[in-house]
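Listed below are the residues making up each chain.
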Amino acid sequence: MAEFDFDNSPEAGLKGSLRKDFFWGYATAAPQIEGAWNADGKGPSTWDILAHTPGRVIDASTADDATRSYDFFREDVKLMKSYGVNAYRFSLSWSRIIPLGGKDDPVNEAGIKFYSELIDELLAHDITPFVTLFHWDVPQALEDRYKSMLDAEKYVPDFVRYARVCFETFGGKVKHWITYNEPGVYALAGYAGGAHAPNRSSDREKYSEGDTSTEPWIVGHTQLLSHAQVYRMYKEEFAHTQHGTIGITLSGNWSAPYDATSPADIAAAQRALEFEIAWFADPVHGSGDYPASMRAQLGSRLPTFTDAEKQTVKGSSDFYGMNTYTAFFVRDKVPPGQPIPPEDHKGNLAWSDINSEGVSRGAESDTEWLRTSPWGFAKLLHWVWDRYRVPIYITENGTTAKGEHVPAPPAGDVLNDVHRIEFYRAYVGEVAKAVTEGIDIRSYFGWTLLDNWEWAKGYTDRFGVTWVDFESEEKKRYPKRSAAFNREFFEHLIAR
Ligand code: GBH
């Protein structure tokens with residue numbers, strides 16, 4: 001059984017280093033796996049509309065079926081059980097639960113039934129559900145009514161009511177809540193770059209509406225305010241009977257200076273971390289306000305908090321939810337003294353795959369932005385811990401691997417995903433090391449359970465520990481070897 005023999009490996013000394021109640025498993029998102037996009041009363045989300053708009057998804061695919069997890073959730077739970085997990089992070093589709101999304105709109109009982117059955121199935125298999133309320137799929141009706149998050153006054157009560165329905169309905173059984181998944185990515189990819197829903201950007205060659213210089217900051221602000229209100233509501237109205245934890249998950253990769261001896265590059269790397277991470281983490285886990293570097297560059301285009309809002313937002317997460325994948329080398333883009341264009345939304349940076357000494361940020365995956373950079377992950381864990389000092393839940397981490405786009409059934413070495421195994425070996429190893437160095441880490445969710453619909457990249461990125469045959473009617477699942485690897489690695493690492 002012990003294929004990987006960790007007792008005689010470089011990781012032997014890490015045995016039992018993770019706490020006894022450490023949660024580990026895989027993460028998914030409703031739009032990427034469920035399918036059944038218009039079944040049983042579900043309303044369309046902004047991502048359904050995007051997928052049905054020609055030219056928006058690179059392989060012209062839709063998520064109409066995805067991996068059909070709406071139909072096959074019991075099989076998925078069985079599969080996860082065979083992978084040895086003790087937790088599963090998934091997201092709820094807002095428009096499956098409230099098809100039109102708004103605070104006065106009706107609840108869809110079929111949607112409630114689906115998630116109740118999924119939660120019961122997980123609990124029956126001793127798998128702890130971690131539930132994300134929002135993983136990027138706004139009900140299209142709210143986009144049509146008032147441009148969703150661009151109008152905080154209308155949006156916040158709608159999101160709060162959606163959260164209330166979820167706590168009332170599932171909160172007896174769900175004890176781990178995440179309000180937003182990666183608010184920063186949602187704001188930038190949807191309102192600055194424009195490739196994600198709702199496809200807004202200043203780039204008029206590609207998108208008909210949007211303003212990159214202002215909208216991402218408004219949308220980020222709306223997410224913070226609505227997150228904080230939901231957090232306070234949970235604490236005041238539900239926590240004393242339901243006894244759960246609730247927080248927000250932030251996207252963040254490590255940024256290192258291109259030239260480690262250059263003060264300008266060192267400052268650029270710090271600014272990168274602040275634009276990507278501290279944008280949300282400082283208000284929630286730190287000072288209660290946006291970082292000074294952002295205010296300096298963005299001025300009044302970055303919204304401000306009233307004192308009352310600051311009080312609501314500050315401390316509004318029981319843990320630091322961390323999604324992280326890779327690391328970058330950065331330096332200034334526009335030289336000091338010259339104006340930074342108002343469309344710049346990452347902190348005036350130029351990126352590079354190697355540093356000034358020619359060192360690579362890591363082995364290539366099948367995805368341009370993603371390299372295996374565990375050295376950066378280790379630094380990130382320390383940076384987050386030193387700056388915020390809250391328990392860390394790692395809620396996503398994983399990789400694609402070259403060579404997995406093959407016909408079914410996957411033959412030869414395809415299921416022996418050495419690149420992904422090396423990725424997990426290195427990253428999970430860093431988790432265990434960080435814990436031995438005193439950092440409080442309580443969960444690790446690999447991204448992801450199944451090859452799935454990777455947003456605007458369609459089916460061209462395979463992140464799963466399970467290879468999926470998208471051509472087959474039943475989206476047949478084939479376990480990759482990384483699933484067995486992680487099973488044994490966590491058995492080794494978690495204390496008994
Ligand atoms: C996560 O986002 C998501 O939560 C998850 O749904 C997704 O499937 C998973 O990662 C894998 O991508 O093209 O250089 O502009 C990760 C954060 C932010 C990573 C946007 C890719 C685009 C980089 N993502 N980023 S680039």
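Our structure is the block above this text.
Residues numbered from 1 in each chain as written. Predicted model: local features only at pLDDT ≥ 70, side-chain atom pairs only at ≥ 80, totals over all residues. Heavy atoms only, no water.

**Some thoughts on the environment of K314**
Positionally, K314 belongs in the loop between α12 (307-313) and β7 (320-323). Residue classification places K314 among the partly exposed residues on the basis of a relative accessible area of 38%. Along the backbone, K314 and C166 are 148 residues apart, and their C-alpha atoms lie at a distance of 23 Å. When residues no more than four places from it in sequence are discounted, the contact partners of K314 are R232, P283, V284, G286, S287 and G288. (Helix = DSSP H or I, 4+ residues; strand = E, 2+ residues; numbered from the N terminus. Buried < 20%, exposed > 50% of the residue type's maximum accessible area, 1.4 Å probe, protein only. Contact = heavy atoms within 4.5 Å.)

**With respect to the side chain of T28**
Tracing the backbone shows T28 in the loop between β1 (23-27) and α1 (30-33). A relative accessible area of 1% places T28 in the buried class. A polar contact is formed between the side chain of T28 and the side chain of Y88, at a distance of 2.8 Å. Not counting residues up to four positions away in its chain, the partners in contact with T28 are I33, Y88, R89, F90, S91, H135, W447, T448 and L449. (Polar contact = N/O pair within 3.5 Å; in protein donor to acceptor, adjacent residues only side chain to side chain.)

**A few points about the packing of helix α8 (residues 183-193) against helix α9 (residues 215-242)**
Two measures define how a pair of helices packs: the angle their axes make with one another and the distance between the axes. Packing of α8 against α9 leaves a shortest axis separation of 8 Å and a crossing angle of 150°. Here α8 is positioned roughly antiparallel relative to α9, judged by the angle of their axes. Seen along the crossing, α8 lies across α9 with a hand that is right-handed. On α9, the residues that touch P183, Y186, A187, L188, Y191 and A192 of α8 are E215, P216, W217, V219, G220 and Q223. (Axes fitted to C-alpha atoms, helices over the stretch in contact; angles between N-to-C directions. Parallel < 35°, antiparallel > 145°, perpendicular 65-115°, else oblique. Left-handed = near helix turned anticlockwise from the far one by under 90°.)

**What about the environment of A401?**
By secondary structure assignment, the location of A401 is in the loop between β12 (392-397) and α14 (418-436). A C-alpha to C-alpha distance of 14 Å links A401 and E454, two positions 53 residues apart in sequence. Not counting residues within four places of it along the chain, the set of residues in contact with A401 comprises D366, H419, R420 and R462.

**Observations regarding the sheet that holds strand β6 (residues 254-257)**
Taking strand neighbours across the sheet as the criterion, the three strands line up as β6-β8-β9 in an open arrangement whose pairing is mixed. Strands with a single pairing partner mark the edges of an open sheet, and in this sheet they are β6 and β9 (349-352). This sheet shows a mean twist of 45° between the axes of neighbouring strands, independent of strand direction. For strand β8 (residues 327-332) and β9, the ladder comprises four bridges, and the chain directions are antiparallel. Note that in β9 the partner of D332 across the bridge is L349. Helix α10 (residues 263-285) contacts β6, β8 and β9 of the sheet and is inclined by roughly 120° relative to β8. Across the sheet, helix α13 (residues 374-388) is in contact with β6 and β8; its angle to β6 comes to roughly 105°. (Pairing = 2+ DSSP bridges.)

**Regarding the pairing of strand β2 (residues 87-91)**
With five of five residues buried, β2 lies mostly within the body of the structure. Note that β1 and β2 share three bridges and pair parallel. The residue of β2 that forms the bridge with G25 is A87. Alignment of β2 against strand β3 (residues 128-134), held across five bridges, turns out to be parallel. Its bridge partner being in β3, A87 is matched across the sheet by T128.

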